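Observations on the model geometry
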Amino acid sequence: MKTMAKRTAILLTLLLLMLSASLVINHAPSVASGQAFQQSGLDERTGKTPAQSGAQPWMAVLVDVGEPNVREGQFCGASLIAPQWILTAAHCVEDQSPTSVDVVVGRYQLTSDQGERIGAKRIIPHPGYVNEQDGQANDIALIELNRPTAAGRPISLIDAANAAADDPGVLARIAGWGRVPEKGLDVTDKLYSVDVPVVPQQACQVAHDGDIQADELCAGLPQGGADSCEGDSGGPLFVPAAGGKAVQIGITSWGGDGCGLPQSYGVYTRLTEYEHWIKTQIDGTNADSAPTVRPTSPSPSDSASIDPAETALPAGYSLIDAQNDQGERVAYFETRDGDYVDVSVFDADYSSLAEWMAEEGDEAIGQITQARDVPVLIEDGSDRHGAFWYATFVVDGQLIFIDGVLSYDELLAAVISLIN
Ligand code: ARG
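In this report, the structure presented in the accompanying data block is examined. Treat the numbers as computed from the prediction; the structure is a model and nothing was measured.

What counts and how
- For every chain, the first residue of the written sequence is number 1, and numbering continues from 1 onward in sequence order.
- Per-residue local features of the predicted model are confined to residues with pLDDT of at least 70, and side-chain atom pairs are confined, for both listing and counting, to 80 or more; whole-chain, interface and lining totals are unaffected and use all residues.
- For the side-chain quantities, the full set of heavy atoms in the structure was used; hydrogens and water were omitted.
- Any two of the Phe, Tyr and Trp rings considered here, Trp counted by its six-membered ring, make a pair once their centres fall within 6.5 Å; the pair's planes then place it as stacked at under 30 degrees, edge-to-face at over 60, or tilted in between.
- Numbering of helices and strands runs from the N terminus; a helix is a DSSP stretch of H or I covering at least four residues, while a strand is a stretch of E covering at least two.
- Burial status follows relative accessibility: with a 1.4 Å probe on protein chains alone, a residue under 20% of its type maximum counts as buried, one over 50% as exposed, and anything between as partly exposed.
- Neighbouring residues are identified by heavy atoms, a residue being near a molecule or strand if any of them is within 4 Å of it.
- Distance and chemistry together define a polar contact, namely a pair of N or O atoms within 3.5 Å, with one atom able to donate a hydrogen and the other to accept it when in protein, and with adjacent residues in sequence counting only for side-chain atoms on both sides.
- Gly counts as polar in this scheme, as do all residues outside two lists: the nonpolar Ala, Val, Leu, Ile, Met, Phe, Trp, Tyr, Cys and Pro, and the charged Asp, Glu, Lys and Arg.
- Between two residues, a contact is recorded if the distance between any of their heavy atoms is within 4.5 Å.
- Any Lys or Arg side-chain nitrogen found within 4 Å of a carboxyl oxygen on Asp or Glu counts as a salt bridge.

Describing the packing of aromatic side chains
Throughout the structure, instances matching the rule amount to 1 aromatic pair. Taken together, a centroid distance of 5.4 Å and an interplanar angle of 80° make the contact between Trp 58 and Phe 238 edge-to-face. Within this pair, whereas Trp 58 is found in the loop between β1 (49-50) and β2 (59-64), its partner Phe 238 is found in strand β12 (residues 236-242), the two being separated by 180 residues in sequence. As far as the burial class goes, Trp 58 and Phe 238 line up, both buried.

Some thoughts on the site of the ligand
The full set close to the ligand counts 14 residues, and His 91, Asp 227, Ser 228, Gly 231 and Ser 233 are the nearest of them. Here an oxygen atom of the ligand sits 3.0 Å away from a polar atom, N or O, in the side chain of His 91. Residues that form the shell around the ligand fall into these classes: 3 nonpolar, 8 polar and 3 charged.

Let's talk about the environment of Gly 178
Within the secondary structure layout, Gly 178 lies in the loop between β9 (171-176) and β10 (192-199). Along the primary structure Gly 178 and Asp 232 are separated by 54 residues, whereas in three dimensions their C-alpha atoms are 4.5 Å apart. Setting aside residues up to four positions removed in sequence, Gly 178 forms contacts with Lys 48, Asp 186, Val 187, Thr 188, Glu 230, Gly 231 and Asp 232.

Concerning the environment of Gln 114
Its place among the elements puts Gln 114 in the loop between β5 (101-105) and β6 (116-125). Taking the C-alpha atoms as reference points, Gln 114 and Ala 151, 37 residues apart in sequence, are found 8.8 Å from one another. Once residues lying within four places of it in the same chain are set aside, the contact partners of Gln 114 are Val 105, Gly 106, Arg 107, Tyr 108 and Gln 109.

Concerning the pattern of salt bridges
All told, the structure shown has 7 salt bridges when counted by the stated rule. Close ionic contact of Arg 122 with Glu 144 constitutes a salt bridge, the shortest N to O distance being 2.9 Å. With Arg 122 in strand β6 and Glu 144 in strand β7 (residues 141-145), this pair connects stretches of sequence that are 22 residues apart. For Glu 144, a relative accessible area of 3% gives the class buried.

Below, the structure written as structure tokens:
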């Protein structure tokens, strides 16, 4: 077992390294010599930026019951519309049952333990839901929670009093943890959002070859650059201040071949069409009963956890998870602006790692490189959105994982200095 001092020293080295890596990434993107990867594919730009923490208290996220780590288990967005009711897209819950879905409410950063994670009592897809293969219609579903939640605050839905909230030209907003292609991210840890104007139905018909139904509405810019993306589905399209309060007008449903492309708007389920259906489902129950306030039980702390107070962080970085995540991860960092330069340190017996690495290496997604006699698994995660590299290795019995460094050379330099 390592001493805390030594672990802290490793972490400090990691952090300094990350700081320098991020400076390079931010100011002087380097070209990886001898490594072919595609030029940063900035053809897709959603314009999403980190949302203001707490500003969207109705945001919810759907998570696989079997995955304790919310960031890893999340698969769709959703919104809290009453203390015990969640609104989402039917395509998000098509293959789900109440025993397979948890809902997390009141959380901004998925790796934090803010808010509440609650099971589903019932999932109610719209009876007229038709999936994408068959033409997509009525992409809306309700989830009744096992109990009312006191985390978060419900959002109002568009109704007669706010009838103009989805008129073409209204500046609406989407929020979610889905892809931000221009940052190379798959799904994000923090909630992201972007403003998107509601588009006239006719313009959207033209952009989507006449596929837009009356129960759908489109939002975005003709030139692209403002859009939801994969993973945002089920989340709300809302007007931040319609008559002084936020009003949800749509549910993220689908888009063209990419995200934020020109002449290809995001498509949302049009909530005005479902006011009656939603009311009928909810009114049959105690939806308006006062939320039960339950103290969130403190997460079990583990002796192997790093004390955040003991870890001095360079400016611009924050420790966002110092728990023993699934008994293994003991620290996890990201830059203040959400840059995807993660370093995770795991505390576990990884004696079989070399074997595991060799297997991974065989899959051709990674290669084992010796760096100062330490085997390092290097994986190329580059895709059409840009270059991405991962390294996994063990130093002094701790597994270190460096995630999402944007150039191969940078990654290798990081690994070598950590092994020292
Ligand atoms: N269907 C996607 C999801 O499941 C949402 C896609 C939104 N795409 C877009 N270009 N607006 O997450």
